[in-house]
Amino acid sequence: MMKHLLILLFAFVLLTAFNNEVQSLFHAPNYFPKPSYDFKKNPLTKEKVLLGRVLFFDPLLSIDGKVSCASCHSPYNAFAHTDHSLSHGIFDSIGNRNAPALFNLAWQHDFMWDGAINHLDVQALAPISHPKEMGENINHLVEKLQSSSRYPSLFFKAFKDSAITGENLLKALAQFQLTLVSNHSKYDEVRQGKNSFSEQENKGYQLFLQNCNACHTEPLFTNEQFECNGLSVDTTLNDFGKNRITHLSVDSLVFKVPSLRNLRYTFPYMHDGRFKKLGQVLNHYTNNIQPHPNLSKELKNGIHLSSDDKADLIAFLMTLNDSSFVFNTHHQFPKEFF
Amino acid sequence: MILQVISVSLGAQVKTISFLPYLENERIIKDSSQYAENAHENISISTLKFYVSKIYFYKSGKKVFEETNSFHLMDWDEKMSFHVSVKNEFDEVGFSIGIDSATNVSGAFGGDLDPTKGMYWTWQSGYINFKIEGTSPICKTRNHAFQWHIGGYKYPNTTIQEIKLRCTTKKDIVVVVDLKELLEQSSLVEHPEVMSPSKQAVHLSSIFKTCFSIAP
């Protein structure tokens, strides 16, 4: 009897220790929905997250040893990129799209502006292999990591195996990115009753709920869907969004709805980075929506905002900035490893 | 030793399932030129890789055994056979060529499913179910090369194919993969490069059924 109790106790201690570890690495407030990432298939551990972080900042991942994931996804820009409207990869090549911000990825089930990627684990294959991003291939990368002085021991600590596999490399990168949770904005404080909106922010919030929330749905500020928001086609790029993947006409000019958290850090905006300022974004929604058969129904009648309304709406959007996320040292370059 | 005793007492036996690439009645030799009737031309094949998954055994039409975690990459340059331990008598074997859609949307896997195996697309999620590459004078491409990377897990571009073959418990299972029907002239001329989920990939995958048979 005593023996059984001891075993039970031991199991309980182990279980709570495990839960605490996951909790300390990944935490979301109760008004967030359930994550779509299945953590049971890739349970977070400190060692795996750390390995993923080292990989994320390591230019060894590119063919010329100069471009890391962080080159295009900088922690100070909420893991977006601000110098370039289109991504900037190896040998100074310019890609076709604006690098999106990375946070709250555990709630996302489709990735890329066109949804080409169906799971966070396999996302990294795309930039690693893209000739204009990192230009590598996963086999060669695994060999490089295996013969480096740094990685076999880090993989051993994380996976109890110093033989590096594509699977473990991808899962470690996913683990680090899963810990990029942004939920400490003023908006979150208001939701938690720790702060309150100013009068202007409150007016902006009401305008937001009326005009934007259908697609940029709180609290993640995206409905995780693909929509056409009436941008004109940039004829130098001819990017038709989701249509590239499905070849269906109903998916032409349909793009992933991005989150509106951290806009202060993530400019320029839209899939091709065409707008540098939020004022330009609002002018698009009020004046420039292009008619198109796929235009989302919420935008068919246009959006009407006075200039005061625009100022109020921007004041509200600024409450979605999360400086504690952007300056979180756990997400930054792990100097001790380089 | 103990394990062996147990398995014998349960009547489990290890069966080898192997795949032999043929073109009509001839074994295909890597990189050597052979006449392909449906192409009306010579063809030489350099790469042949495909997934065999979801292996089932049947007896008198009833499913008697199902392999768990059943994913095997057959690769001409590495291995073209694998072992399955079966506990029952059977008279039919079933398997799929390709990877099911649930696995395709569930992230990264290891072993034969590891993305380093060269059977995972990078710019778009999904496994390549069947890969064949080679050359033929009828291909109007650089170096007369053709590359068919056949995959796609989403309707209407699903390419996984189920195969069911009569066989016997008495022998190991030797499967002939005859590429004759697959190597059609029209496909080689009009679509020498199939590299993403598409109508053409679906068409090619629909021919798989005719390619697999039990060696006489």
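All figures in this text were calculated on a predicted structure; none of them were measured in a lab. (Residues numbered from 1 in each chain as written. Chains lettered and ligands numbered in written order. Predicted model: local features only at pLDDT ≥ 70, side-chain atom pairs only at ≥ 80, totals over all residues. Heavy atoms only, no water.)

Trainee: For this particular structure, what's the right way to read the confidence of the model for chain B?
Mentor: Do not read the fine detail of predicted coordinates wherever pLDDT is low. All names here are of chain B. Of all residues in chain B, 95% attain a pLDDT of 70 or more, and the chain-wide mean is 92. In this model, residues 1–9 is a region of pLDDT below 50 whose contacts with residues beyond four sequence positions or in other chains number one contact. Our summary of model confidence lists the complex with pTM equal to 0.92 and ipTM equal to 0.87. (pLDDT = per-residue confidence, 0-100. Contact = heavy atoms within 4.5 Å.)

Trainee: Help me out: how do you make sense of the interface of chain A and chain B in this one?
Mentor: Accessible area lost when the parts come together is the quantity often used to give the size of an interface. Facing 21 residues of chain A, the contacting portion of chain B comprises 18 residues. Buried surface at the junction of chain A and chain B, summed over both partners, amounts to about 1600 Å²; 55% is from carbon and sulfur atoms. Where chain A touches chain B, the interface holds zero salt bridges. Run the count over chain A and chain B and you get nine residue pairs in polar contact (both at pLDDT 80 or more). Of all elements in the fold, only α4 (120–123), α5 (125–129), α6 (138–146), α8 (166–178) and α11 (243–246) of chain A reach the threshold of two or more residues within the side of chain A that touches chain B. Per-element tally for the side of chain A that touches chain B: the top contributor is α8 of chain A, with four residues. Taken together, the residues of the side of chain A that touches chain B break down into nine nonpolar, seven polar and five charged. (Buried area = accessible area lost by both parts, 1.4 Å probe. Salt bridge = Lys/Arg side-chain N within 4 Å of Asp/Glu carboxyl O. Polar contact = N/O pair within 3.5 Å; in protein donor to acceptor, adjacent residues only side chain to side chain. Helix = DSSP H or I, 4+ residues; strand = E, 2+ residues; numbered from the N terminus. Nonpolar A, V, L, I, M, F, W, Y, C, P; charged D, E, K, R; others polar.)

Trainee: Just checking my understanding: could you explain the domain arrangement of chain A for this structure?
Mentor: Residues and elements named next belong to chain A. Domains assigned within chain A are domain 1 (43–181 + 326–337) and domain 2 (186–321). For the domain 1 and domain 2 pair, buried surface summed over both sides reaches about 2100 Å², with 61% attributable to carbon and sulfur atoms. If you sort the residues of domain 1 by the area they bury against domain 2, Phe103, Trp113 and Asp114 come out on top, with a joint share of 29%. If you look at where domain 1 meets domain 2, you find two salt bridges. When the shortest N-O distance is used, the salt bridge between Arg244 and Asp114 registers 2.8 Å. By residue class, the composition of the side of domain 1 that touches domain 2 is eleven nonpolar, eleven polar and three charged. (Domains from an automatic or database assignment.)

Trainee: Teacher, can you tell me more about the packing of helix α13 (residues 278–288) of chain A against helix α14 (residues 307–317) of chain A here?
Mentor: Each pair of packed helices can be described by the angle between their axes along with the distance between the axes. Residue and element names in this part refer to chain A. α14 packs onto α13 with a crossing angle of 125 degrees between their chain directions and a minimal axis gap of 11 Å. Here α14 runs oblique to α13, going by the angle between their axes. The handedness of the crossing between α13 and α14 is right-handed. Across from Leu278, Gly279, Leu282, Asn283 and Thr286 in α13, the residues of α14 making contact are Lys310, Leu313 and Ile314. Partitioning the contact of α13 with α14 into residue classes produces four nonpolar, three polar and one charged. (Axes fitted to C-alpha atoms, helices over the stretch in contact; angles between N-to-C directions. Parallel < 35°, antiparallel > 145°, perpendicular 65-115°, else oblique. Left-handed = near helix turned anticlockwise from the far one by under 90°.)

Trainee: So what exactly am I meant to see when it comes to the nonpolar core here?
Mentor: Soluble globular proteins tend to pack their nonpolar side chains together in the buried interior. Within the largest apolar cluster, 70 residues are counted, with the highest numbers of intra-cluster contacts made by Leu51, Leu55, Phe56, Tyr151, Phe155 and Leu169 of chain A. Here the element with the most residues in this core is α8 of chain A; it accounts for seven residues. Two domains share this core, each providing at least three of its residues, namely domain 1 (43–181 + 326–337) and domain 2 (186–321) of chain A. Leu55 of chain A has contacts with Leu61, Leu145, Tyr151, Phe155, Leu169, Ala172 and Leu173 of chain A, leaving out every residue within four places of it along the chain. With 48 residues, the next largest nonpolar core counts Ile45, Met80, Trp148 and Cys211 of chain B among its residues. (Core = buried A, V, L, I, M, F, W, Y, C linked by side-chain atoms within 4.5 Å. Buried < 20%, exposed > 50% of the residue type's maximum accessible area, 1.4 Å probe, protein only.)

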